[in-house]
Structures are given as structure tokens and as C-alpha cells.
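Given next are the chains, with one letter for each unit.
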Amino acid sequence: MSQDGRFEPRRPGVDYGVLDELTGYALRRAQIRMTEAFDARLGPEGITTQRFSALVLINANPGLKQTRLASLMGIARSGVLAIVDALAAQGLIERRPAPGDRRAQALHLTDQGRARLPQIMRLVREHDRELTQGFSPEEIAVLRALLERIRT
């Protein structure tokens, strides 16, 4: 960490050995920096990267069950529970009984969640543009395509 608490991906005088050859390590360093920037911009809103992902998925899929949300996000059910609890405490989402399954909870944005989501999305888009401001539109398209190839 630097003096201001930010992650320093490269430190002078440190031999990183094989790490400098690994794509996964480069992706992880970039992800840490991106998350730090996201937290700086959206932290005051009470929004983390995972909470944002959950909000978008719930908005696009009203009635989504918590177990399905965990699966879509690639996290444990206990992890999604903490995210859902935080979003519910902020008044952005609500749990309703899932139709046909009394044990399951269906997730929906509240009126407040629907009202705040456009502002949150604007901040996230600004964050994304700032991260890629040194790239041309073509380079951004190539980067996304390459990352997609890793993901699949």
C-alpha cells in the first residue's frame, strides 16, 4: 500500500519473478486498482462492485431468487445474503415470498431503488470511462473481446 492507502502494483527495487509473466497476476493488479477507484467514487453511495452487480441483475430480472442471484454472480449463498441484506437496509431492494416456493425469497427493487439506480449507473459509467480514458474506442473493444475469450 502507498502512503495514501492505495495499492501499488509495481514497487521499485522489487523483483516480481514469474509474476510479471502471468496474465492472471496482471489482471488481478488491474482489478485491485479498478475496485479502489470504484470504491472511491461509489463508496459514499454505499455501493460496492458486488452490490451494483446485484442491483442491475435484480432490476433486469424482477423476482430473482437469492440462490439464483448467487449463482449468476458466482458467489456463495452466504455472500449474496450479505449483499442482499445491505441493499435491503439501504432501502434499495425488498424480499417478497417467491410464487410457488414458500421457502424462497424473490428480490425486487423498491421505489427508492428504481429512483436511485439511474444515478448509480451514471456514476459507474463515469468510473468506467475514467479507467479507460487512455484507450481508443477500438482498443476498448479489443480489450473487452480478449477478456471475453478468457471468461468463456
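From a predicted model like this one, the values you see are computed outputs, not experimental measurements.

Attention now moves to the packing of aromatic side chains. Scanning the model with the defined rule gives 1 aromatic pair in all. For the pair Phe 38 and Phe 52, a centre-to-centre distance of 6.4 Å together with 55° between the ring planes defines the contact as tilted. One end of the pair, Phe 38, is in helix α1 (residues 23–42); the other, Phe 52, is in helix α2 (residues 49–60), and 14 residues separate them in sequence. Phe 52 carries the same exposure label as Phe 38, and that label is buried.

A word on the confidence of the model for the protein. In the predicted model, the protein carries a mean pLDDT of 91, and the fraction of residues at 70 or more is 95%. The element-level mean pLDDT for the protein is lowest in strand β3 (residues 101–109), coming to 90, with α2 highest at 97.

Note: strand β2 (residues 93–98) against β3, 6 bridges, orientation antiparallel. Bridge assignment links Glu 94 to a residue of β3, and that residue is His 108. What sits between the antiparallel neighbours β2 and β3 is a turn of 2 residues, in which Gly 100 has the positive phi angle 80°.

Calculation notes
Residues numbered from 1 in each chain as written. Predicted model: local features only at pLDDT ≥ 70, side-chain atom pairs only at ≥ 80, totals over all residues. Heavy atoms only, no water. Phe/Tyr/Trp six-rings, centres within 6.5 Å; stacked < 30°, edge-to-face > 60°. Helix = DSSP H or I, 4+ residues; strand = E, 2+ residues; numbered from the N terminus. Buried < 20%, exposed > 50% of the residue type's maximum accessible area, 1.4 Å probe, protein only. pLDDT = per-residue confidence, 0-100. Pairing = 2+ DSSP bridges.

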